[in-house]
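Okay, here's what each chain looks like letter by letter:
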Amino acid sequence: MVKIILWLLAAWLVLSLVGAVVKGLVWLAVVGGVLFLATAAYGAIKSGSGRKGIKGPR
């Protein structure tokens, strides 16, 4: 009976650690995606306002 309880406690601990790691990775992915979009928008705004070169037909 004690072995079963210890095994269940160990399994619970492993599952808790895996869940925390996955949740942390999901948050890192969300933060990375937001920062990627913000950087892309900033680059598009900066490159759009200072275009130089041959202008197309009007």
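Just so it is clear, the model here is predicted, and its values are computed rather than measured.

A. Spatial organisation of the overall build of the chain. Of regular secondary structure, the chain possesses one helix and zero strands. Counting across all 58 residues of the chain, residues that qualify as buried make up 0%. Surface accessibility of the chain: about 5700 Å² in total, with carbon and sulfur atoms responsible for 78%.

B. Focus on a nonpolar patch on the surface. On the surface, a cluster of nonpolar side chains totalling about 650 Å² of accessible area is made up of Val14, Val18, Val22, Val26, Trp27, Val30 and Val34. Following the sequence through the fold, Val26 ends up in helix 1 (residues 2-49).

Cut-off values and rules
Residues numbered from 1 in each chain as written. Predicted model: local features only at pLDDT ≥ 70, side-chain atom pairs only at ≥ 80, totals over all residues. Heavy atoms only, no water. Helix = DSSP H or I, 4+ residues; strand = E, 2+ residues; numbered from the N terminus. Buried < 20%, exposed > 50% of the residue type's maximum accessible area, 1.4 Å probe, protein only. Areas by Shrake-Rupley, 256 points an atom, 1.4 Å probe, with all protein chains shown as cover. Patch = residues over 30% accessible without salt bridge, like charges linked within 9 Å, V, L, I, M, F, W, Y side chains within 5 Å. Salt bridge = Lys/Arg side-chain N within 4 Å of Asp/Glu carboxyl O.

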